[in-house]
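# Fold and contact review
Residue strings, one per chain:
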Amino acid sequence: MLFDLENVQKSYGNYQALKGITLKIQEGSVGLLGPNGAGKSTLIKSLLGLLELSGGSASVLGFRLPEDTHKIRQSIGYMPENDCYLPSMTAVSYVALMGGLTGMPRSQALSRAHETLHYVGLGEARYRKLGGFSTGMKQRVKLAQALVHGPRLVFLDEPTNGLDPQGRDEMLDLIGDVKSRGISVVLSSHILYDVEKVCESMIMLDQGELIHFGTIAALKADRQKSIVEIETKEQNEQFAEILKARGFSVQQQGLRLQVRLVAPQTVQGLLDAAIEEDIQVRRFMPAELTLEKAFLSLLDEHAHKAPAA
Ligand code: ADP
């Protein structure tokens, strides 16, 4: 099992950044999603043993926090969002240093640094100083230092930040290859396309709470049942007002209205509203769901559930 979390809490002073997360995840690739300030970095740092939990209990890869922090660090690679290197070091000496910090003997760390840099496509640049690297090269070297010690799990925090579309696709292909070697991946990204491409399941946080965990396919199928798109004969605005007055959650999506049904609301209720108010419906269908729409719909639902701030 990757993680077994029971009521995990983390506070900074009086501020509760994680409000009791309970979760079990099997091996695989998991996306970590949520708006800024949701608690993603706090969760990653807590699971790496860099932050002390304020409450609850957690184990990572079967190792318990905080007793087994050392073993956890040896089994996990971490690619942080921010730059984490000394500009005057060469790529190979930096990656070897990071290998050494996980406890590898010096000679082994050096030979693994060479191998890993080849693997991420920086073989030619091994002896160049990091200060002169492009953004794409820096992202690759950060990935190399996360992999150098042969971890079973890697945390990747915004690995495609600053990359152009081609660079992003190359990085995602590389992450796909890492996965195919049996290494589990936790990917934190605000680019939902990346998460959808790499991950089978996802954890979604909002304001320190777990608002969803499950496979991406199941989430989309579930949301699809509750989101419908409607197009009227030039009466969209009027119908949107009618539906809002009846308590439906409605958004304009181009030429369509998107309605999220919340129990006990039903499709029949929508159609009844159209008939009673003399609205001519031109098209009516389940929404074509991207992960992005599913994500926004979950956040919207959570905002309506949460007590007013
Ligand atoms: P995310 O990674 O999802 O953007 P973070 O885990 O960085 O969220 O932050 C969660 C919340 O905790 C935010 O409101 C943030 O301001 C707060 N926070 C994070 N780190 C600290 C800290 N060291 N001291 C005080 N508050 C913090």
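In this numbering scheme, every chain counts its residues from 1 along its sequence in written order. Local features in a predicted model are, by the rule used here, given only for residues with pLDDT of at least 70; side-chain atom pairs are given and counted only at 80 or more, and totals for whole chains, interfaces and linings are based on all residues. Only hydrogens and water are set aside; all other atoms, that is, all heavy atoms of the structure, feed into the side-chain values.

### As for the environment of Val-262
Threshold: By the criteria applied, helices consist of DSSP H or I runs no shorter than four residues and strands consist of E runs no shorter than two, each listed in order from the N terminus. Buried, partly exposed and exposed residues are distinguished by accessible area as a fraction of the type maximum, computed with a 1.4 Å probe on protein chains only: under 20%, between the cut-offs, and over 50%, respectively.
For Val-262, the location among the structural elements is in the loop between strand 13 (256–260) and helix 10 (267–276). The partly exposed category is assigned to Val-262, whose relative accessible area is 38%. Spatially, the C-alpha atom of Val-262 lies 7.9 Å from that of Phe-248, the residues being 14 residues apart in sequence.

### Considering the site of the ligand
For clarity, the cut-off: Residues are labelled near a given molecule or strand when at least one of their non-hydrogen atoms is within 4 Å of it. Polar contacts, as counted here, are pairs of nitrogen or oxygen atoms within 3.5 Å of one another; within protein the pair requires one atom able to donate a hydrogen and one able to accept it, and residues that are adjacent in sequence qualify only if both atoms are side-chain atoms. For accessible areas, the Shrake-Rupley method is used with a probe of radius 1.4 Å. Any residue's cover is judged against the shown protein chains and nothing else. Side-chain classes follow a simple rule in which Ala, Val, Leu, Ile, Met, Phe, Trp, Tyr, Cys and Pro form the nonpolar group, Asp, Glu, Lys and Arg form the charged group, and the remainder, Gly included, forms the polar group.
The local shell around the ligand consists of Tyr-12, Tyr-15, Ala-17, Pro-35, Asn-36, Gly-37, Ala-38, Gly-39, Lys-40, Ser-41 and Thr-42. Interatomic distance of 3.4 Å between a side-chain N/O atom of Tyr-15 and an oxygen atom of the ligand. About the coverage of the ligand: the protein hides 58% of its 560 Å² of free accessible area. For the shell around the ligand, the elements supplying multiple residues, two or more each, are strand 2 (15–25) and helix 1 (40–47). The dominant element in the shell around the ligand, judged by the number of residues it contributes, is helix 1, at three residues. Partitioning the shell around the ligand into residue classes produces five nonpolar, five polar and one charged.

### Considering helix 8 (residues 216–226)
For clarity, the cut-off: When we speak of the arc, we mean the arc of directions from the helix axis to the C-beta atoms. Two residues form a contact once any of their heavy atoms are found within 4.5 Å.
The complete set of buried residues in helix 8 reads Ile-216, Leu-219, Arg-223 and Ser-226. Along the axis of helix 8, the buried residues cluster in a sector spanning 90°; they form a single face. More than 90 degrees from the buried face of helix 8, the exposed residues found are Ala-217 and Lys-225. Next to the buried residues of helix 8 lie helix 7 (192–198), strand 9 (201–206), strand 10 (209–215), strand 11 (227–232), strand 13 and helix 11 (291–305).

### Observations regarding helix 9 (residues 236–245)
Every α-helix carries 3.6 residues per turn, so stepping three or four residues along brings you back to the same face. All buried positions along helix 9 are accounted for by Asn-236, Phe-239, Ala-240, Ile-242 and Leu-243. The arc that holds the buried residues of helix 9, viewed along the axis, is 165°, so those residues lie on one side. Residues of helix 9 that are exposed and point more than 90 degrees away from the buried face comprise Glu-237 and Ala-245. Where helix 9 is buried, its residues contact strand 11, strand 12 (249–253), strand 13 and helix 10. Gly-247, located one to two residues past helix 9, shows a positive phi value of around 90°.

### Comments concerning the pattern of salt bridges
Inclusion rule: Think of a salt bridge as a Lys or Arg side-chain nitrogen and an Asp or Glu carboxyl oxygen that are within 4 Å of each other.
One pass over the structure, following the stated rule, counts 15 salt bridges. Taking the shortest distance from any N to any O, the salt bridge between Asp-4 and Lys-24 comes out at 3.2 Å. On the criterion of sequence distance, the pair formed by Asp-4 in strand 1 (residues 3–12) and Lys-24 in strand 2 is long-range, its members being 20 residues apart. With relative accessibility at 27%, the residue Asp-4 sits in the partly exposed group. For Arg-246, the salt bridge identified is with Glu-276, shortest N-O distance 2.9 Å. With a gap of 30 residues between them, Arg-246 in the loop between helix 9 and strand 12 and Glu-276 in helix 10 connect regions that are remote in the sequence. Residue Glu-276 is classed as exposed on the basis of its relative accessible area, which comes to 55%.

### Points about the domain arrangement of the protein chain
So the rule is basically this: In this document the domain limits rely on a domain assignment from an automatic tool or a database. A 1.4 Å probe defines the accessible area here, and the buried area is the portion of it lost by two parts on being joined, summed over both.
Considered domain by domain, the protein chain is made up of domain 1 (3–215) and domain 2 (225–305). With 12 residues of domain 1 at the interface, the matching set in domain 2 holds six residues. With both chains or domains summed, domain 1 and domain 2 bury close to 890 Å², and 80% of this area falls on carbon and sulfur atoms. Of all residues in domain 1, the largest losses of buried area upon contact with domain 2 belong to Leu-192, Met-204 and Ile-211, amounting jointly to 50% of the total for that side. There are zero salt bridges connecting domain 1 and domain 2. At the junction of domain 1 and domain 2, the tally comes to two residue pairs in polar contact (both at pLDDT 80 or more). Secondary structure elements with two or more residues in the side of domain 1 that touches domain 2: helix 7, strand 9 and strand 10. When grouped by side-chain class, the residues that make up the side of domain 1 that touches domain 2 number seven nonpolar, two polar and three charged.

### Some words on the sheet that holds strand 9
What counts, and what does not: Here, a strand pair is defined by DSSP locating no fewer than two bridges between the strands. Lines fitted to C-alpha atoms define the axes, with helix axes restricted to the stretch in contact, and inter-axis angles between N-to-C directions lie between 0 and 180 degrees.
The strand order 6-7-8-3-9-10 describes an open sheet built from six strands, whose pairing is mixed. Of all the strands in the sheet, the pair left with one neighbour each is strand 6 (76–79) and strand 10. Strand-to-strand, the axes of this sheet are offset by a mean angle of 15°, without reference to chain direction. Set on the sheet, helix 6 (residues 165–180) makes contact with strand 3 (29–33), strand 6, strand 7 (153–157) and strand 8 (184–188); between it and strand 8 the angle comes to about 150°. The strands touched by helix 8 are strand 9 and strand 10; relative to strand 10, the strand with the most contacts, the crossing angle is about 105°.

### A closer look at the sheet that holds strand 13
Taken in spatial order, the four strands of this open sheet run 12-13-11-14, and their pairing is antiparallel. In this open sheet, the two strands that pair with only one neighbour each are strand 12 and strand 14 (281–286). Each strand axis lies, on average, 25° off the axis of its neighbour in the sheet, ignoring direction. By the bridge criterion, five bridges tie strand 11 to strand 14 in an arrangement that is antiparallel. Paired with Thr-232 across the two strands is Val-281, which belongs to strand 14. With respect to the sheet, helix 8 is in contact with strand 11, strand 13 and strand 14, its orientation differing from that of strand 11 by roughly 40°. With respect to the sheet, helix 10 is in contact with strand 11, strand 13 and strand 14, its orientation differing from that of strand 14 by roughly 170°.

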